[in-house]
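# Reading the structure
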Amino acid sequence: MFENLKPVAIDPILGLMTAFKADNRSEKIDLGVGVYQDDQGRTPVMASVKEAESRLMTLETTKSYQGMAGDADYNQRMLSLLFGEDHPILASGRVKSIQAPGGSGALRVGAEVVRKARPESALWVGVPTWPNHIPLLGSAGFDIKQYPYYDMATREINIQAMMDTLRKVPAGDMVLLHGCCHNPTGADLTNKQWDDIADLALERGFIPFIDTAYQGLGDGLDEDAYGMRMMANRLPELVVASSCSKNFGLYRERTGSITFVAATSERAEVVISQAMSTARSIYSMPPAHGALLVSMVLGDQHLHQQWQAELEEVRLRISSMRSLLCDSLENNATGMDFSHIKRQKGMFSFLGISTSQLERLRSEFGIYIVSSTRVNLAGVNSNNIGYLSNSLRTVLE
Ligand code: LMR
């Protein structure tokens with residue numbers, strides 16, 4: 001039977017990660033996979049998470065099953081993190097959430113539930129979007145449609161074209177939006193643009209499906225949640241997939257949640273029962289470890305504050321690396337403008353260089369960048385900036 005299978009090309013982002021690890025050059029730089037690196041190029045466990053982990057070692061008394069929804073405290077605390085403790089939606093009973101295996105697992109459960117609710121719905125994704133969105137959500141059976149998002153020429157969101165397309169989205173379709181720190185472009189919607197999209201969703205009857213994987217890495221925990229919180233106030237229905245990979249540094253622990261806002265609390269109960277049944281039919285139950293750590297950090301005043309301070313350090317470091325890279329490329333041979341890198345948010349921006357320049361960076365200089373020219377700014381540090389900027393200047397000549 002297996003002779004019927006054709007080999008599949010390795011995922012472009014994860015393939016790059018493997019190629020980087022196999023490269024023996026000491027000067028190599030990883031600007032590929034979206035993983036935070038500190039100024040020494042390490043991806044440490046956050047001190048607050050490490051402390052929670054050591055407490056858990058002592059406190060954990062069982063490894064028994066938790067059930068399809070995962071940890072109840074985690075689910076509650078994640079809702080407070082996403083929406084803010086005082087958000088009226090929390091008291092309304094219209095919002096429900098279950099733990100999921102990372103942001104990807106959350107996206108998939110969300111997609112499956114929406115497909116059960118309305119099989120004829122299409123899902124609209126921006127161009128470009130995280131490359132795995134399309135296989136991940138498409139495999140749930142969605143008809144995937146596209147709206148324009150980023151203009152490579154102006155290096156800004158093409159808001160006019162985006163809104164023109166959204167104006168034609170039929171009622172009942174889903175529109176995928178990035179909560180903050182847009183992956184791969186770093187170009188985020190302004191609060192006013194979020195408001196305008198909410199107006200349109202109300203007018204047209206489409207339902208936003210928000211993917212929020214970088215809360216706290218853009219402008220701050222509350223600022224990055226503006227769109228999601230405002231939409232939860234104004235819209236009858238909403239789906240939010242969230243991840244703790246980046247803001248808690250829990251990548252391999254696969255810690256996320258899928259959240260549904262429904263028109264009434266009774267509807268929300270029905271939706272969450274469907275989400276649990278969906279989980280049961282795919283992976284049965286989510287892994288516990290990461291969620292127990294997040295729950296402990298969010299539920300303990302000291303650890304919570306420590307985590308917030310660590311996250312702020314991460315955010316500020318990435319932002320300063322944006323400025324450093326941008327400034328170091330000023331007055332380059334081609335006169336290419338990189339100022340968008342300073343304006344954009346979160347881990348990523350497009351460099352906008354050619355494929356041959358990208359290839360040269362990898363083959364001659366050991367600098368690894370995703371083929372779309374998306375760079376992870378957290379891979380830049382005070383030790384490699386000179387080499388990175390000289391290499392870039394060389395290929396730009
Ligand atoms: C990325 O975009 O690099 C990360 O979200 C990792 C991944 O799974 O692609």
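Residues numbered from 1 in each chain as written. Predicted model: local features only at pLDDT ≥ 70, side-chain atom pairs only at ≥ 80, totals over all residues. Heavy atoms only, no water.

We now examine empty space enclosed by the protein. In total, this model carries 1 cavity of 30 Å³ or more according to the counting rule given. Reported here for the largest cavity is a volume of approximately 30 Å³. Tyr150, Met152, Arg155, His340, Phe350, Leu351 and Gly352 are the residues that line the largest cavity. Along the lines of polarity and charge, the residues of the lining of the largest cavity split into 4 nonpolar, 2 polar and 1 charged. Inspection of the lining of the largest cavity shows a minimum of three residues originating in each of domain 1 (2-45 + 316-396) and domain 2 (65-299). (1 Å grid on protein atoms, 1.4 Å probe; cavity = no way out; pocket = protein on both sides within 12 Å on 5 of 7 lines; lining within 4 Å. Points joined across faces, edges and corners; volume = space filled by probe spheres on them. Nonpolar A, V, L, I, M, F, W, Y, C, P; charged D, E, K, R; others polar. Domains from an automatic or database assignment.)

According to the domain assignment, the protein chain contains domain 1 (2-45 + 316-396) and domain 2 (65-299). Computed from C-alpha atoms alone, the centre-to-centre distance between domain 1 and domain 2 is 27 Å. Listed per partner, the contact involves 20 residues of domain 1 and 22 residues of domain 2. Here domain 1 meets domain 2 over a buried area of about 1600 Å², counting both sides, of which 57% is carbon and sulfur. Taken as a group, Lys345, Phe348 and Phe350 account for 36% of the area that domain 1 buries against domain 2, more than any other trio of residues on that side. Between domain 1 and domain 2 we count 2 salt bridges in total. When the shortest N-O distance is used, the salt bridge between Lys345 and Asp219 registers 3.0 Å. Counting across the interface, domain 1 meets domain 2 through 12 residue pairs in polar contact (both at pLDDT 80 or more). Sorting the residues of the side of domain 1 that touches domain 2 by element identifies helix H13 (340-343) and strand S11 (348-350) as the ones contributing at least two each. Among the elements that take part in the side of domain 1 that touches domain 2, S11 stands out by supplying 3 residues, more than any other. Here the side of domain 1 that touches domain 2 is built from residues that sort into 9 nonpolar, 7 polar and 4 charged. (Contact = heavy atoms within 4.5 Å. Buried area = accessible area lost by both parts, 1.4 Å probe. Salt bridge = Lys/Arg side-chain N within 4 Å of Asp/Glu carboxyl O. Polar contact = N/O pair within 3.5 Å; in protein donor to acceptor, adjacent residues only side chain to side chain. Helix = DSSP H or I, 4+ residues; strand = E, 2+ residues; numbered from the N terminus.)

Tracing the sequence through the fold places Arg229 in helix H9 (residues 226-234). Of note is the side chain of Arg229, whose polar atom sits 3.1 Å from the backbone oxygen of Leu81. If near-sequence neighbours (up to four positions away) are discounted, Arg229 is found in contact with Leu81, Leu82, Phe83, Gly84, His87, Gln215, Leu221 and Asp222.

For the structure shown, the criterion picks out 18 salt bridges. Between Arg42 and Asp38 there is a salt bridge, with the nearest N and O atoms lying 3.1 Å from each other. Take Arg42: its relative accessible area is 48%, and that puts it in the partly exposed class. Look at Asp38 and you get buried, because its relative accessible area is 11%. Between Asp196 and Lys192 there is a salt bridge, with the nearest N and O atoms lying 2.8 Å from each other. Of the two residues, Asp196 and Lys192 both sit in helix H8 (residues 191-204), 4 residues apart, roughly one turn of that helix. In this structure Lys192 comes out as exposed when scored by relative accessible area, which is 54%. One salt-bridge network, held together by shared partners, links Glu51, Arg55 and Asp300. (Buried < 20%, exposed > 50% of the residue type's maximum accessible area, 1.4 Å probe, protein only.)

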